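Commentary on secondary and tertiary structure
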Amino acid sequence: MLIDKWLVVYFLVFAGSFFMTALITPLFRRLAHKTGLLDRPADNHKGHARATALLGGAAMFVSWLICIVAGVILVCSGSLPEYFAETLPFHQEGFQQVAGSKLLVIVTGAALAMILGLIDDKWALKAKWKFAGQFIIALLVVIWGDVRINIFIQNEIFSVCVTVFWFMLLMNSINFFDNMDGLAVGTIAIAMGFFTVIAALNNEFFFAVFAALNFGICCGFWLYNANPATIFMGDSGSHFLGYLAAVVSAGVSYFDMSFSQSRFPVLIPLLILALPLFDTMMVVVIRTINKKPFWIGDHNHISHRFVRMGLSRKTAVMLVHLLALNIALSALPVYWGAFKTAAVIILQIIVLLAIITLLQFRLEERKDAVEKVEK
C-alpha cells in the first residue's frame, strides 16, 4: 500500500539521521576539546562537575545538512529504489520546487540560527544583539521562505508578526529549557515525533519527512547529551532546535474543514511544545516579580524545582519528558475529536500544569520553613 511505503520513507529518514548524528557527534566533541570551546563548571549553573564540550549544535547541524543534501540528490537524480517507484515520483516535481525555494531558505535560516548561537557560546553576546539576530533570521524565513501562521485571520502583516514572534519565542524557550543533561533535546525529540505523526495524518509529506529527519537528529544527539552528558548542545544547539521546532510547527496544517470537528486543532503546537513554553512563561513571571532581567539564567525552571523537591537530576529530566509525552499525546484526540472532547482535554492539561506548579511551590515553601526551624 502507498501509505505503508510512506511509513517506510519516514522510518528510513529517521534511521539515517539518527545514525549520521551518532557517528558525527564524537568528532565534534573531540574538536571542542582541541579548540577549547568548553562549558566550564565555574561559568555555568547546569551543575556538571567538569569542562564539557560545547559543539553539540554544530554536530547536529552538520549531520542534518548532510542528510538533507543526500536526500535532495537522491530524489532529484531519479535514482530511487524500485520499491518506491510508485510512491516518490508522484511527488517528485513538487518536491523539486520546494527544494529549489523553500528548503534553501529554511537551510539558510538554520545555519544562521546555529551560527548565532555558536557566537554566543564563544563570546557571550548581549541580549539585545541576540534578540536582533533572532529577529532577522525569523523575518528572513517568514518572508522569503513563506513559512506563515494564519490562525483564521487572512492578513499578511498579522501573519508575519505572529510567525516572527513564534520563531523568537521558541528559540529562546529552548535556550532557557536547556538547563539539565538531555532535557531540551529529549523534549524536542518527543515534539518532532508527534509533528511527524500529525503531518503524516494530514498527508503533508514534505513536513512529515522534515520532522522525521529532525526526530532522528535529536535522538542521535541524545545518546551523548543524556546524563551524564559528554557534550552540550550550547546556545548553537538550542537556537538550532528552537528554529526547527518553529519551522515545523508553523509549516504543518492543523485545521481543515474536511476533517476538523472544531477549531481546537490550531492549539496542537502549543500542546506538543507545552512544557518548554509553560516553563518559559513561569521563569519570566518569577524573574519579573523578583525584579531581575528575564534573560538572565537562574534555578527556577521546572526541572530545578523538581530537584529541590528531592528528585535526582536524572529523575527530574525523566519526569519532565514523561509529562511532555503525556501532554503531547493529547494532541491526537484534539486533532480528530469533537468540540466537547477537545475542550475537556485542554482543560485537563491546564489543570495538570496548575497541579504541578502548586505542588512544586508548596513543597519548596515547606522545605524552606523546615530549614528555618532547624537553624
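Our structure is the block above this text.
Just so it is clear, the structure is predicted and the values come from calculations on it, not from any experiment.

1. Topic: the packing of aromatic side chains
- Evaluated as defined, the whole model comprises 16 aromatic pairs.
- Look at Phe206 and Phe207: their rings are 5.1 Å apart centre to centre, the planes differ by 80°, and that puts the pair in the edge-to-face class.
- Taking relative accessible area as the criterion, Phe207 reaches 7% and is therefore assigned buried.
- Positioned above the aromatic ring of Phe176, the side-chain terminus of Arg287 is 5.2 Å from the ring centre.

2. Remarks on the packing of helix H7 (residues 183-201) against helix H13 (residues 313-329)
- At a minimum axis distance of 10 Å, the contact between H7 and H13 shows a crossing angle of 20°. One finds that H7 runs roughly parallel with respect to H13. The crossing of H7 and H13 is right-handed. In this structure, H7 contributes Leu183, Gly186, Thr187, Ile190 and Phe194 to the contact, and H13 contributes Val317, Val320, His321, Ala324, Leu325, Ala328 and Leu329.
- Residues that form the contact of H7 with H13 fall into these classes: nine nonpolar, three polar and no charged.

3. Examining unusual backbone geometry
- Here the residue pair Asn227 and Pro228 is connected by a cis peptide bond, since its omega of -5° sits within 30 degrees of zero.
- Structurally, Pro228 can be placed in the loop between helix H8 (205-225) and helix H9 (234-251).
- Positive phi is not limited to glycine here, since Ala124 has a value of about 50°.
- Structurally, Ala124 is set in the loop between helix H4 (102-123) and helix H5 (127-144).
- One non-glycine residue, Lys291, adopts positive backbone phi at about 60°.
- Checked against the element boundaries, Lys291 lands in the loop between helix H11 (274-289) and helix H12 (302-308).
- Judged by relative accessible area, Lys291 falls into the exposed class, the value being 78%.

4. Quick notes on the nonpolar core
- Counting residues in hydrophobic clusters, the biggest one holds 113 residues, and the most contacted among them are Trp64, Phe167, Leu241 and Tyr243.
- If one sorts the elements of this core by residue count, H8 sits on top with 13 residues.
- Tyr243 has contacts with Val105, Ile106, Gly109, Ala110, Ala113, Ile137, Val141, Phe167 and Met171, leaving out every residue within four places of it along the chain.

What counts, and where the lines are drawn
- Residues numbered from 1 in each chain as written.
- Predicted model: local features only at pLDDT ≥ 70, side-chain atom pairs only at ≥ 80, totals over all residues.
- Heavy atoms only, no water.
- Phe/Tyr/Trp six-rings, centres within 6.5 Å; stacked < 30°, edge-to-face > 60°.
- Buried < 20%, exposed > 50% of the residue type's maximum accessible area, 1.4 Å probe, protein only.
- Lys NZ or Arg CZ within 6 Å of the ring centre and 35° of its normal.
- Axes fitted to C-alpha atoms, helices over the stretch in contact; angles between N-to-C directions.
- Helix = DSSP H or I, 4+ residues; strand = E, 2+ residues; numbered from the N terminus.
- Parallel < 35°, antiparallel > 145°, perpendicular 65-115°, else oblique.
- Left-handed = near helix turned anticlockwise from the far one by under 90°.
- Contact = heavy atoms within 4.5 Å.
- Nonpolar A, V, L, I, M, F, W, Y, C, P; charged D, E, K, R; others polar.
- Core = buried A, V, L, I, M, F, W, Y, C linked by side-chain atoms within 4.5 Å.

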